[in-house]
Amino acid sequence: MEIELTRFKVMEGKSKRVDEWLKFLNDHMDDVLVTLEGEKMYVETIFREHLNGHEYLYWYSVRGEGGQEVEESEHWIDKEHLLFWEECIDKTFRPVDLNTEVVMIPHRVKAAMHDS
């Protein structure tokens, strides 16, 4: 199982587009959830932060082994998601992977994740 939290910087002037992106994901959640199955993504959460005049998005995920990468997906929702990504994420900023120090998942929940 992989557990990650990564920070990405939003390009200057793209806040309104990020609003649209996050709304798009929320509005199409049924389709989003379908794509998570192929990725073996148990949990995926996006956080947003404004810090020192910059905007950041954080991706938190709990994922099983051997899932499909979003870039390999043919699902329309993933294609739209990647278009937003290309338009909004600052490629000059090196993403920051935060270190996992403690994982607290009850045994029954962890077992249910492995069963799926």
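That block above? That's the structure.
Residues numbered from 1 in each chain as written. Predicted model: local features only at pLDDT ≥ 70, side-chain atom pairs only at ≥ 80, totals over all residues. Heavy atoms only, no water.

Caption draft 1: Spatial organisation of the pairing of strand E2 (residues 41-51). When E2 meets strand E3 (residues 54-63), the two strands line up antiparallel, connected through 10 bridges. By the bridge assignment for E3, Arg 48 is matched with Leu 57. Here E2 folds back onto E3, and the loop between the two strands holds 2 residues, one of which, Asn 52, carries a positive phi near 50°. (Pairing = 2+ DSSP bridges. Helix = DSSP H or I, 4+ residues; strand = E, 2+ residues; numbered from the N terminus.)

Caption draft 2: Inspection of the nonpolar core at higher detail. Within the largest apolar cluster, 14 residues are counted, with the highest numbers of intra-cluster contacts made by Val 18, Trp 21, Phe 24, Leu 25, Leu 57, Trp 59 and Ile 89. For this core, the elements supplying multiple residues, two or more each, are helix H1 (15-27), E3 and helix H3 (76-88). The greatest single-element share of this core, amounting to 5 residues, is contributed by H1. Apart from residues no more than four positions distant in its own chain, Leu 57 is found in contact with Thr 6, Arg 7, Phe 8, Val 10, Val 18, Trp 21, Ile 46, Phe 47, Arg 48 and Ile 89. (Core = buried A, V, L, I, M, F, W, Y, C linked by side-chain atoms within 4.5 Å. Buried < 20%, exposed > 50% of the residue type's maximum accessible area, 1.4 Å probe, protein only. Contact = heavy atoms within 4.5 Å.)

As far as function goes, none of this settles anything; it's purely spatial.
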